Amino acid sequence: MTVDELRRTIEEFLAAHDPATTERLEFLRARYDAGLAWVYFPPGHGGLGLSPARQLEVDRAFAAAGAPDNNPEGNGIGLGMAAPTILAYGTDEQKRRFLRPLWTGEEIWCQLFSEPGAGSDLANVSTRAVRDGEDWIVDGQKVWTSGAHLAQFAILLARTDTGVPKHRGMTYFLCDMTDAGVEVRPLRQITGEAEFNEVFLTGVRIPDAQRLGGEGEGWRVANTTLNTERVAIGGRASDRESGIVGVVTETWRAHPDRRTAELHDRLLRLWVDAEVGRITGMRLRQKLAQGRPGPEGAAMKLTFARVAQQLSGLELEILGEEGLRYSDWTMVRPDRVDFNARDAGYRYLRAKGNSIEGGTSEILRNIVAERILGLPPESRADKDRPWNEVAR
Ligand SMILES: Cc1cc2nc3c(=O)[nH]c(=O)nc-3n(C[C@H](O)[C@H](O)[C@H](O)COP(=O)(O)OP(=O)(O)OC[C@H]3O[C@@H](n4cnc5c(N)ncnc54)[C@H](O)[C@@H]3O)c2cc1C
């Protein structure tokens, strides 16, 4: 499809569905059905099979026409992680069932991966899934589950075979969060908010039709999610000087009295780092959409976390005492994380989590060392031993 053809397709769609008068959900569903949701997805699943590079022009045209946002509920895990994994491993039936309400925001998703004994060492999950006829019965505990209190579905990693080495005994499921056996309890963070939760799974029944990928293939499927997660966290599509770097640069412009040569130098360096990160993110998103999420996402997310933490610290330094005031310590369970909507103190505290969520910076450095630079791997005592024979 040429640039002109795509432009005409969008114009015809907007003429038939005026964003000003079409009901929001009706508009979003129609946009998905027209293949204009994520144009690089296959026809029938929200796309037109185009190159991922075309998505930006589509999104810009829809935004300029005042089209409704498909992500008002902050469905970042659904859009950024569940959807690409379902696209890569899902059956046609699973894609038909899950992708449309995920894209329109009718169904919010969360990620049931981390456990008290399986964070950095995710392949160590001990939540069990046991086959029972056409279903699986799941028991265990998950932790740090962002948005579990809002989610209808979850991507879930569970152990289905304890008698093989850890990476081979896991299976990936799509879990219904409204099942009676799912209990969600809030966990309060350094910001005072409870974005994430503990999730207790007791006798949760998951139909085998909601298994994503083969039995015992969970690690391979989860790796697709983890690679997309890093790009989703660190490489969102954005314009130059948007996000934290935009806010801090504005603060700098608004306070000429606070300027020093040293602060100026630091801001410039971080501005350049942020821009490099933004452009790297654009390239990685294109690779990702072509189904080739590589280890490079680890390097970008590492940079994103460092830059976000240094920028939010610099902002406090520019603001002085004023920056130390914290606006609100009320316990809330937010439906999204918006760095720009809150004050400098919030940004400073929330950015601390950037080097933990989606894989800690230490682990990402290991990935860069081993998979990009080809340095010798860490020694792993449990590598070839059955999971149930490893002391824990
Ligand atoms: C804001 C936020 C949101 C999150 N949302 C979710 C979510 O929605 N779903 C979900 O499943 N999880 C979520 N997490 C969990 C997150 O992925 C884990 O916290 C993370 O993987 C680290 O695991 P851990 O906390 O168990 O730390 P640990 O694995 O116990 O690590 C502790 C420290 O030891 C270091 N370390 C561990 N192993 C090594 C090693 N081999 N080499 C070098 N250093 C090492 C780590 O880097 C870290 O500094 C979230 C976390 C945060 C902060």
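With an unreviewed UniProt entry as reference, the protein chain is termed Alkylation response protein AidB-like acyl-CoA dehydrogenase, source organism Nocardia fluminea. According to the UniProt record, the Sequence similarities (unreviewed entry) comment for the protein chain is "Belongs to the acyl-CoA dehydrogenase family." Recorded in UniProt for the protein chain, the comment headed Cofactor (unreviewed entry) runs: "FAD".

Draft legend 1. Examining the pairing of strand β2 (residues 128–132) more closely. Bridge analysis of β2 against strand β3 (residues 135–142) gives five bridges, and the strand direction is antiparallel. The partner of Arg 131 across the bridge, within β3, is Trp 136.

Draft legend 2. Quick look at the packing of aromatic side chains. Within the structure shown, the criterion is met by 14 aromatic pairs. Look at Phe 13 and Phe 27: their rings are 5.5 Å apart centre to centre, the planes differ by 80°, and that puts the pair in the edge-to-face class. One end of the pair, Phe 13, is in helix α1 (residues 3–16); the other, Phe 27, is in helix α2 (residues 24–33), and 14 residues separate them in sequence. No difference in accessibility class separates Phe 13 from Phe 27, as the two residues are buried.

Draft legend 3. Seen up close, the pairing of strand β1 (residues 109–112). Judged by which residues are buried, β1 turns out to be covered on both faces: Trp 109 and Gln 111 on one side and Cys 110 and Leu 112 on the other are all buried. For β1 and strand β4 (residues 153–159), the ladder comprises four bridges, and the chain directions are parallel. Along β4, the bridge assignment pairs Leu 112 with Leu 156.

Draft legend 4. Seen up close, the nonpolar core. Ranked by internal contacts, the top residues of the largest apolar core, which has 31 residues, are Trp 38, Ile 86, Trp 109, Phe 113, Ile 155, Leu 157 and Tyr 172. Elements supplying a minimum of two residues to this core: α2, α4 (76–89), α5 (92–104), β4, β5 (170–176) and α6 (218–234). Considering every element that reaches this core, the biggest residue donor is α4, with six residues. There are two domains that each give this core at least three residues, and those are domain 1 (3–104) and domain 2 (109–220).

About the cut-offs
- Residues numbered from 1 in each chain as written.
- Predicted model: local features only at pLDDT ≥ 70, side-chain atom pairs only at ≥ 80, totals over all residues.
- Heavy atoms only, no water.
- UniProt positions renumbered as here; feature names shortened; annotations may be inferred.
- Pairing = 2+ DSSP bridges.
- Helix = DSSP H or I, 4+ residues; strand = E, 2+ residues; numbered from the N terminus.
- Phe/Tyr/Trp six-rings, centres within 6.5 Å; stacked < 30°, edge-to-face > 60°.
- Buried < 20%, exposed > 50% of the residue type's maximum accessible area, 1.4 Å probe, protein only.
- Core = buried A, V, L, I, M, F, W, Y, C linked by side-chain atoms within 4.5 Å.
- Domains from an automatic or database assignment.

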